[in-house]
Amino acid sequence: EKLILAVNVKKTALLLTLPPLFFYALLAGFQPPAARALIMTLCMVFALCSDRVHSTITTLSGAALIILLIDPLAIESPSFQLSFAAVAAIVLLAPRLFSLICRSTNKYPIPLLKVCHLLVALVVVTVTATLGTLPLLLFHFNRMSLVTLPANLVIQPQICFFSLPLGMLSLPLILANHP
């Protein structure tokens, strides 16, 4: 009880998310998408812990600047371009598109309405990310798969909510398996 009263629990929880994020970025080899996510998260955590207002697009721009200061040739990488284009599209387009489709409310008299609201948000984010990366996909790969939207809607949530956490939990077992 004394610890909860003495420490800001939300800020402490934010700070405790940083070691797993560093570990994940290390596992991913600090490739541009992982580095972008790590840098953006660090900036957001710093802003929230210092009680400052944060801007997602400014944080995205700062992450691009930091990555390009470290590796100027990263701008030529398709992974850098696709990662930043997808996040920029989500940040800039998704809220506007979502407000056109759904009337935002915090009160859900029917639990099913909240689920529908979340499903619409998932579709909006997927569509905006796809639209944001479409010119780059066509430029780099000369094609776009027709199953992109349905596959992202079905597979991406499974990866985020099941495969990734289970994979991270299994890492200690890999070490225990080898003598």
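Residues numbered from 1 in each chain as written. Predicted model: local features only at pLDDT ≥ 70, side-chain atom pairs only at ≥ 80, totals over all residues. Heavy atoms only, no water.

This part covers the overall build of the protein chain. The helix and strand inventory of the protein chain stands at eight helices and zero strands. The linear arrangement of helices and strands in the protein chain, starting from the amino end, is α-α-α-α-α-α-α-α. Its C-alpha atoms give the protein chain principal-axis dimensions of about 55 × 50 × 40 Å. Within the protein chain, the proportion of its 179 residues that are buried is 23%. (Helix = DSSP H or I, 4+ residues; strand = E, 2+ residues; numbered from the N terminus. Buried < 20%, exposed > 50% of the residue type's maximum accessible area, 1.4 Å probe, protein only.)

The calculated volume of the largest pocket comes to roughly 1,300 Å³. Looking at the largest pocket, it is lined by 33 residues, and the ones nearest its centre are Arg-36, Ala-37, Val-87, Gln-156 and Cys-160. At the level of elements, α3 (18–27), α4 (32–49), α6 (78–101), α7 (111–141) and α8 (148–177) are the ones that each hand at least two residues to the lining of the largest pocket. Ranked by residue count, the leading element in the lining of the largest pocket is α8, at nine residues. A per-class count over the lining of the largest pocket returns 24 nonpolar, eight polar and one charged. Computed from the structure, the second largest pocket encloses a volume of approximately 180 Å³. Looking at the second largest pocket, the residues that line it are Phe-30, Gln-31, Pro-32, Ala-35, Leu-38, Ile-39, Ile-67, Ile-70, Asp-71 and Ala-74. Looking at the lining of the second largest pocket element by element, the count peaks at four residues for α4. (1 Å grid on protein atoms, 1.4 Å probe; cavity = no way out; pocket = protein on both sides within 12 Å on 5 of 7 lines; lining within 4 Å. Points joined across faces, edges and corners; volume = space filled by probe spheres on them. Nonpolar A, V, L, I, M, F, W, Y, C, P; charged D, E, K, R; others polar.)

Quick look at the packing of α4 against α6 now. Axis angle and axis distance: for two packed helices, these are the angle between their axes and the distance between the axes, and together they describe the pair. Two elements in contact, α4 and α6, have axes separated by 8 Å at closest approach and are oriented at 40 degrees. Classed by the angle they form, the pair α4 and α6 counts as oblique. Contact residues: Pro-32, Pro-33, Arg-36 and Met-40 in α4; Ser-79, Phe-80, Ser-83, Phe-84 and Val-87 in α6. (Axes fitted to C-alpha atoms, helices over the stretch in contact; angles between N-to-C directions. Parallel < 35°, antiparallel > 145°, perpendicular 65-115°, else oblique. Contact = heavy atoms within 4.5 Å.)

To continue, consider the state of the cysteines. Across all of its chains, the model carries zero disulfides by this definition. The thiol sulfur of Cys-49 is not disulfide-bonded, and the nearest other cysteine sulfur, from Cys-43, lies at 12 Å. (Disulfide = S-S within 2.5 Å.)

On to the nonpolar core, then. Among the nonpolar cores identified, the biggest contains 12 residues, and these are Ala-35, Ile-39, Met-40, Leu-60, Ala-63, Ala-64, Ile-67, Ala-74, Phe-80, Phe-84, Val-87 and Ala-88. Those elements that place two or more of their residues in this core are α4, α5 (56–70) and α6. Beyond its immediate stretch of four places on either side in the chain, Phe-84 contacts Arg-36, Leu-60, Ala-63, Ala-64 and Ile-67. (Core = buried A, V, L, I, M, F, W, Y, C linked by side-chain atoms within 4.5 Å.)

A separate point is the environment of Leu-92. Within the secondary structure layout, Leu-92 lies in helix α6. The exposure class of Leu-92 is partly exposed, given its relative accessible area of 41%. As for Leu-92 and Thr-128, which are separated by 36 residues in sequence, their C-alpha atoms are 9.0 Å apart.

Note that Thr-133 resides in helix α7. The exposure class assigned to Thr-133 is buried, which follows from its relative accessible area of 10%. Beyond its immediate chain neighbours, meaning those up to four positions away, Thr-133 contacts Leu-82, Ala-85 and Ala-86.

Turning our eyes to something else, we now look at the packing of α5 against α6. Contact pair α5 / α6: the axes reach a minimum separation of 10 Å and the direction vectors enclose 170 degrees. Put simply, α5 runs roughly antiparallel to α6. Where α5 abuts α6, its residues Thr-56, Ile-57, Leu-60, Ala-63, Ala-64, Ile-67 and Leu-68 lie against Phe-80, Phe-84, Val-87, Ala-88, Val-91 and Leu-92. Taken together, the residues of the contact of α5 with α6 sort by class into 12 nonpolar, one polar and no charged.

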